[in-house]
Amino acid sequence: MDDLPLTCITNKINKKLQELENSDDFQGLVELGNELTSLLKEASSSLLGSVEDQEFNAKYTELKKQALSLIDRTYEFEEKHLKYNIPSLIGVQSFKGYLENLQEFMKNVWEKESKEKREKGGKSLIEWLQHLDHHHQSERKTTIEEMKKAVIDLGTDISVIITEFLLLVVILGDRNDIMKNLDDFKAMIKLLSVEKTNDSIVIKTFLSVIQLVVRTMKKRKSLSGKRGEKSEVAGEIELEIMRMILKEILRLEVALCCPDLVMVLTDEIYLSMISHLRNFFECKLSDLNLKVNELRIQVVSLLIDENHDSQEERKLKIAKETMGAGAHNIWTKFDINSSSSSS
């Protein structure tokens, strides 16, 4: 037989299955999926001319089932990748033009999807929590409180990164430009609501965090610096971080406000969703923190180059802690029943 022995092919398939299962990279998933499809065709061709026993055939059938399931996962991954692939800020000529691109993205992706799901009777996680809070508060109190705590924790975690990022940007750049750009940043966040007809409590809360930054910056005018020679590179880093932040805001907005649930769920499922959200955001925010660390290094270098004393570093630390605490305080006031969505 000219084809590779079936045992060799199935070993390859097993290896590819493991790679595919453990991969989180979109392009890698697609490439592995294509390789896996080729191997399956090769195995199928070999199987036609073989006299292998039933046990081997059963094993191949199971491998094929797993492979097809994981290939479906690549399509799901691709869909999710595209849905959160908001326009890049790098190379943008004006924020006004970017806002138009972002608005178009939200209209074509999330507003469209939310409208379709709403027409099918879907409600958001926030709306179902409102329902539980109003009608089943006593018997499902633990679940409701756990969900609220998760929202507060995740919102705070994202917001603390936002406040530190904006603080670092102010120190590295020109204050007047940054204060103007904060208005543009707020405009971007406003566009991340998945439904035009409903005021998103998630988006409102993030906007309150930005207002906290604005108030803090106005009070602490001494917190400003002068960027070094690598302004173009640093600018790209900032724009990349800003886009990453917008993505995480959108993810939380979708998780809580997209009307994709058609019925109330069991406590076990709600608690499982909490665990998934916490684990997922922990991974994403870890990546974001690594990128922000590039700015932290620049600020430390700037303070050393300009011979700032320890008092300047203390001011920076106090400002960071103050805004972090303020962001947490804003999220602790998060009230699911203040949403305008009906339950």
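Conventions and cut-offs
- Per chain, residue numbering runs from 1 following the sequence as it is written.
- In keeping with the model being predicted, local features are shown solely for residues with a pLDDT of at least 70 and side-chain atom pairs are shown and tallied solely at 80 or more, while totals for entire chains, interfaces and linings include all residues.
- Side-chain numbers come from the whole structure's heavy atoms, not from hydrogens or water.
- Comment: elements are numbered from the N terminus, with helices defined as DSSP H or I runs of at least four residues and strands as E runs of at least two.
- A 1.4 Å probe rolled over the protein chains alone gives each residue an accessible area, and that area as a share of the maximum for its type sets the label: buried under 20%, exposed over 50%, partly exposed in between.
- The Shrake-Rupley method, run with a 1.4 Å probe, gives the accessible areas here. Residue values count only the displayed protein chains as cover.
- Note on definitions: the grid is 1 Å and covers protein atoms alone; a cavity is a set of points where a 1.4 Å probe fits but cannot get out; a pocket is an open set with protein on both sides within 12 Å along at least five of seven lines; lining residues have an atom within 4 Å of a point.
- Grid points are joined across faces, edges and corners, and a volume is the space filled by probe spheres set on the points.
- The residue classification treats Ala, Val, Leu, Ile, Met, Phe, Trp, Tyr, Cys and Pro as nonpolar and Asp, Glu, Lys and Arg as charged. All others, Gly included, are polar.
- Counted as salt bridges are all cases of a side-chain nitrogen of Lys or Arg within 4 Å of a carboxyl oxygen of Asp or Glu.
- Residue types Ala, Val, Leu, Ile, Met, Phe, Trp, Tyr and Cys, when buried and joined through side-chain atoms within 4.5 Å, form a set referred to as a nonpolar core.
- Contact criterion: two residues are considered in contact whenever any of their non-hydrogen atoms come within 4.5 Å of each other.
- For this analysis, a polar contact is any N or O atom pair within 3.5 Å, provided that within protein one partner can donate a hydrogen and the other can accept it, and provided that sequence-adjacent residues contribute only side-chain to side-chain pairs.
- Classification of ring pairs uses Phe, Tyr and Trp, with its six-membered ring standing for Trp, and accepts pairs whose centres are within 6.5 Å; under 30 degrees between planes counts as stacked, over 60 as edge-to-face, and the remaining range as tilted.
- The span one expects for a helix is its residue count, reduced by one, times 1.5 Å.
- Given a residue, its bend is the angle between the two axes fitted to the seven residues that end at it and to the seven that start from it.
- Only the contacting stretch of a helix is used when fitting its axis, a line to C-alpha atoms as for every element, and angles between N-to-C directions run 0 to 180 degrees.
- Each crossing gets its hand from how the near helix is turned against the far one by less than a right angle, where anticlockwise is left-handed and clockwise is right-handed.

Draft legend 1. Structural view of the overall build of the protein. Scanning the protein from terminus to terminus reveals eleven helices and zero strands. Going residue by residue from the N terminus, the α and β elements of the protein occur as α-α-α-α-α-α-α-α-α-α-α. Taken across its 343 residues, the protein has 44% of its residues classed as buried. Per element, the accessible surface of the protein, about 18,700 Å² overall, is 50% carbon and sulfur.

Draft legend 2. Representation of empty space enclosed by the protein. Counting across every chain of the model gives two cavities of 30 Å³ or more. If you trace the second largest cavity, you find it lined by Met147, Ala150, Val151, Leu154, Leu252, Leu256 and Leu277. Of all the elements in the fold, those that place two or more residues in the lining of the second largest cavity are helix H6 (141-172) and helix H9 (231-257). Counted by class, the lining of the second largest cavity contains seven nonpolar, no polar and no charged residues.

Draft legend 3. Region of the structure containing the pattern of salt bridges. Evaluation of the coordinates by the stated rule reveals 14 salt bridges. As a salt-bridge pair, Arg278 and Asp153 come within 3.0 Å of each other at their nearest N and O atoms. One end of the pair, Arg278, is in helix H10 (residues 267-305); the other, Asp153, is in helix H6, and 125 residues separate them in sequence. Judged by its relative accessible area of 28%, Arg278 is partly exposed. Residue Glu164 pairs with Lys320 through a salt bridge whose shortest N-O separation is 3.5 Å. Residue Glu164 is located in helix H6, and its partner Lys320 is located in helix H11 (residues 310-332); the two are separated by 156 residues in the primary sequence. Look at Glu164 and you get buried, because its relative accessible area is 8%. Assessed through its relative accessible area of 39%, Lys320 is described here as partly exposed.

Draft legend 4. Examining the nonpolar core more closely. Trp110 and Phe185 are the most contacted members of the largest nonpolar core, which totals 81 residues. It is H6 that provides the largest number of residues to this core, a total of 17 residues. Contact partners of Trp110, with chain neighbours within four places excluded, come to Lys83, Tyr84, Phe105, Val194, Leu250, Val254 and Cys258.

Draft legend 5. Focus on the side chain of Ser159. Turning to its location among the elements, Ser159 is positioned in helix H6. Residue Ser159 is classed as buried on the basis of its relative accessible area, which comes to 0%. Here the side chain of Ser159 touches Gly155 through a polar contact of 2.8 Å, landing on its backbone oxygen. Among residues more than four places away in sequence, those in contact with Ser159 are Phe206, Val209, Ala327 and Trp331.

Draft legend 6. Quick look at the packing of aromatic side chains. The full count for this structure, using the stated rule, is four aromatic pairs. Ring geometry for Tyr84 and Trp110: centres 5.3 Å apart, planes at 50°, overall tilted. Residue Tyr84 is located in the loop between helix H3 (54-83) and helix H4 (95-119), and its partner Trp110 is located in helix H4; the two are separated by 26 residues in the primary sequence. In this structure Trp110 comes out as buried when scored by relative accessible area, which is 3%.

Draft legend 7. Broad picture of H4. Taking 1.5 Å of rise per residue, 25 residues should cover 36 Å, and H4 covers 34 Å from first to last C-alpha, within 8% of that figure. The sharpest bend along H4 reaches about 40° and sits at Lys107. Within H4, the full set of buried residues consists of Tyr98, Leu99, Leu102, Phe105, Met106, Val109, Trp110, Glu111, Glu113 and Ser114. Looking at the residues trailing H4, positive phi occurs at Gly121, about 90°.

Draft legend 8. Spotlight on the environment of Glu282. Within the secondary structure layout, Glu282 lies in helix H10. In this structure Glu282 comes out as exposed when scored by relative accessible area, which is 57%.

Draft legend 9. Expanded view of the packing of H6 against helix H8 (residues 201-219). One way to put it is that H6 packs onto H8 with a least axis distance of 10 Å and a crossing angle of 35°. The crossing of H6 and H8 is right-handed. The segment H6 lies against H8, with Gly155, Ile158, Ser159, Ile162, Thr163, Leu166, Leu167 and Val170 engaging Phe206, Val209, Ile210, Val213 and Met217.

Draft legend 10. The arrangement of the environment of Phe165 in detail. Here Phe165 lies in helix H6. C-alpha separation for the pair Phe165 and Asn293, spaced 128 residues apart in sequence, amounts to 9.3 Å. Phe165 has contacts with Glu238, Ile241, Met242, Ile245 and Leu295, leaving out every residue within four places of it along the chain.

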